[in-house]
Amino acid sequence: MVVTLCFDDAYEEVYTIGFPILTGYGIRGTLGIITNEIGGSFEGYPIMNLNQMTEMHNNGWEIASHSVTHPSLTDLNDGAVTNELANSKNTLESFGFDVNAFIVPFGAYDDRIASLVSQYYYSCRPSIWGTNSIPVADRYWLKSKWVVNTTSLGEIISWIDDAKANNTWLIIMLHNIDRSEREYNISSENLSAISQYIAEQNINVLNISEVLNPSPEVEQGGTIRETINWDALVGVGTHPFYLFSMYGVGTTESEILANQLMVHWFVKDVATGTYTTSINATVPSNAPIGTYSCLTIIADDFNTTTGDILGIYDSEVDANVLTIVPGLGATIVSTNFMRVAF
Ligand SMILES: [Zn+2]
């Protein structure tokens, strides 16, 4: 399971109060930025400025677009919606942020808006109550649970517990902090308590785009460069172990194995401290155009003659990890492949 903490509107107190609280527990969040109001205000409440959001981004926070002016998009024609989507993204990218997620103002959303959003963003979170399956069923209809000023600490803890029990992705939508007169508010005491609970329970907290892992595009015959964080894998033992990356079509281990495109394997010899930190792998020139998932298997034994994997430590499917497209020319598109949780 995984939890995302999403702060809509990026109020100033998310920087002054929320950022230090979360940082104290090693947690990062996602900020929904209204680009016309950076350093300004929304509904009379101050919005953080560019320096503040840049500092948070440099500490691992995700910058998501929350439109230019925070309108109800369903009230606008296609051209006006497109302006809100494209211009906010352009503004944020001009500041050097990599923007993949869109957060819908007022949750005003329908199929028309979803279609327009998909032209500019990799994912979208409107305001639909619930948690998300893993892998995600539809990344343009991400569900969430929102905190209002009457939401108790116990309720939020129960959301986290439920997500853990059901292995789902819980996005917690937050707005103001310590503005008790506001409907969408959380006290700093409750935010601290949630953060402490997440840390104590060892809950995996990731940003939206870390969960969804936007697909890198590679052409047929192109090269994928994989970077492996071996140091995050030292807990597996003291003898050599093997890490396999299997790309295939499907969302489950069996589907990927049945529809494999390619396999790479890597060895780390813990005893000698020698390992490969990265590899360039070539996509077959006849690889079907489409989207592939990656199945990662970490094994403690491997028969180099038969190719059989023995003694699996851990396996995990990353959905939509690679898209093979025609006509990229000679360009090689890189990807990072990194296992930090094990
Ligand atoms: Zn908002």
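Residues numbered from 1 in each chain as written. Predicted model: local features only at pLDDT ≥ 70, side-chain atom pairs only at ≥ 80, totals over all residues.

Turning our attention to the overall build of the chain. Counting its regular elements, the chain contains eight helices and 19 strands. In the chain, which comprises 342 residues, the proportion classed as buried is 35%. (Helix = DSSP H or I, 4+ residues; strand = E, 2+ residues; numbered from the N terminus. Buried ≥ 20, exposed ≤ 12 C-beta atoms within 10 Å, placed from the backbone.)

Turning next to the nonpolar core. Counting residues in hydrophobic clusters, the biggest one holds 55 residues, and the most contacted among them are Ala10, Leu31, Ala64, Phe102 and Ile172. When residues in this core are grouped by element, the largest group, six residues, is from strand β9 (residues 169–174). Apart from residues lying up to four places away in sequence, Ala10 is in contact with Leu31, Gly32, Ile33, Ile47, Met48 and Met53. Among the nonpolar cores identified, the runner-up in size contains 16 residues, and Ile224, Tyr242, Tyr247 and Ile298 belong to it. (Core = buried A, V, L, I, M, F, W, Y, C linked by C-beta atoms within 7 Å. Contact = placed C-beta atoms within 7 Å.)

What follows deals with helix α6 (residues 188–200). The terminal C-alpha atoms of α6, which comprises 13 residues, lie 18 Å apart, in line with the 18 Å expected from a rise of 1.5 Å per residue. For α6, the complete set of buried residues consists of Leu191, Ile194, Ser195 and Ile198. Around the axis of α6, the buried residues are gathered within 95° of arc, so they sit on the same side. In α6, the exposed positions that point more than 90 degrees away from the buried face belong to Glu189 and Glu200. Residues of α6 that are buried in the fold lie against β1 (2–8), α1 (12–24), α5 (153–166), β10 (176–177) and β11 (185–186). Note on α6: the residue one or two positions beyond its end, Asn202, has a positive phi of about 60°. (Expected span 1.5 Å × (residues − 1). Arc of directions from axis to C-beta.)

On to the environment of Asn83, then. Along the chain, Asn83 turns up in helix α3 (residues 78–94). Here the alpha-carbon distance between Asn83 and Ser67, two residues 16 residues apart in the chain, equals 8.9 Å.

This part takes up the packing of α1 against α6. Two elements in contact, α1 and α6, have axes whose closest approach is 9 Å; the angle formed by their N-to-C orientations is 20°. Judged by the inter-axis angle, α1 sits roughly parallel to α6. In the packing of α1 onto α6, the handedness of the crossing is right-handed. Between α1 and α6, the residues in contact are Ile17, Gly18, Ile21 and Leu22 and Ser188, Leu191, Ser192 and Ser195, respectively. A breakdown of the residues in the contact of α1 with α6 according to their chemical character gives four nonpolar, four polar and no charged. (Axes fitted to C-alpha atoms, helices over the stretch in contact; angles between N-to-C directions. Parallel < 35°, antiparallel > 145°, perpendicular 65-115°, else oblique. Left-handed = near helix turned anticlockwise from the far one by under 90°. Nonpolar A, V, L, I, M, F, W, Y, C, P; charged D, E, K, R; others polar.)

Even without being a glycine, Asn167 presents a positive backbone phi close to 50°. Secondary-structure assignment places Asn167 in the loop between α5 and β9. What makes Asn167 exposed here is the crowd of 11 C-beta atoms within 10 Å. Positioned with a positive phi, Asp178 is a non-glycine residue whose angle comes to about 55°. Along the chain, Asp178 turns up in the loop between β10 and β11. On the basis of neighbour count, Asp178 is assigned to the partly exposed category, with 15 C-beta atoms found within 10 Å.

For the rest of this paragraph, the subject is α5. Along its 14 residues, α5 runs 20 Å from first to last C-alpha, staying within 8% of the 20 Å computed at 1.5 Å per residue. Taken from the residues just after α5, Asn167 is the one with a positive phi, measuring 50°.

Take the pairing of strand β2 (residues 30–33) next. Of the two faces of β2, the one holding Thr30 and Gly32 and the one holding Leu31 and Ile33 are both buried throughout. Where β1 lies against β2, three bridges are found, and the strand directions are parallel. Looking at the pairing, Asp8 lines up with Gly32 of β2. In this structure, β2 lies alongside strand β5 (residues 62–65), joined through four bridges in parallel fashion. Looking at the pairing, Thr30 lines up with Glu62 of β5. (Pairing = 2+ DSSP bridges.)

Next up on the list: the environment of Met262. Along the chain, Met262 turns up in strand β15 (residues 260–269). Between the C-alpha atoms of Met262 and Met246, which are 16 residues apart in sequence, the distance is 5.9 Å. With residues near it in sequence (within four places) discarded, Met262 still touches Tyr247, Ala281, Val283 and Pro284.

Where α5 meets α6, the axes come as close as 10 Å, and the angle between the chain directions of the two elements is 30°. By the angle between their directions, the pair α5 and α6 is classed as roughly parallel. Read as a crossing pair, α5 and α6 show a hand that is right-handed. Seen from α5, the contacting residues are Leu153, Ile156, Ile157 and Ile160; seen from α6, they are Asn190, Ala193, Ile194, Tyr197 and Ile198. Here the residues of the contact of α5 with α6 are counted per class, giving eight nonpolar, one polar and no charged.

This brings us to the environment of Gly39. Within the element layout of this structure, Gly39 appears in the loop between β2 and β3 (41–42). For Gly39 and Asn49, which are 10 residues apart along the polypeptide, the C-alpha to C-alpha distance reads 3.8 Å. Beyond its immediate stretch of four places on either side in the chain, Gly39 contacts Ile47, Asn49 and Leu50.

For the chain, mean pLDDT is 86; residues scoring 70 or higher make up 87% of the total. Overall, residues 329–334 carries pLDDT values under 50, and its contacts beyond four positions in sequence, including any with other chains, amount to seven contacts. (pLDDT = per-residue confidence, 0-100.)

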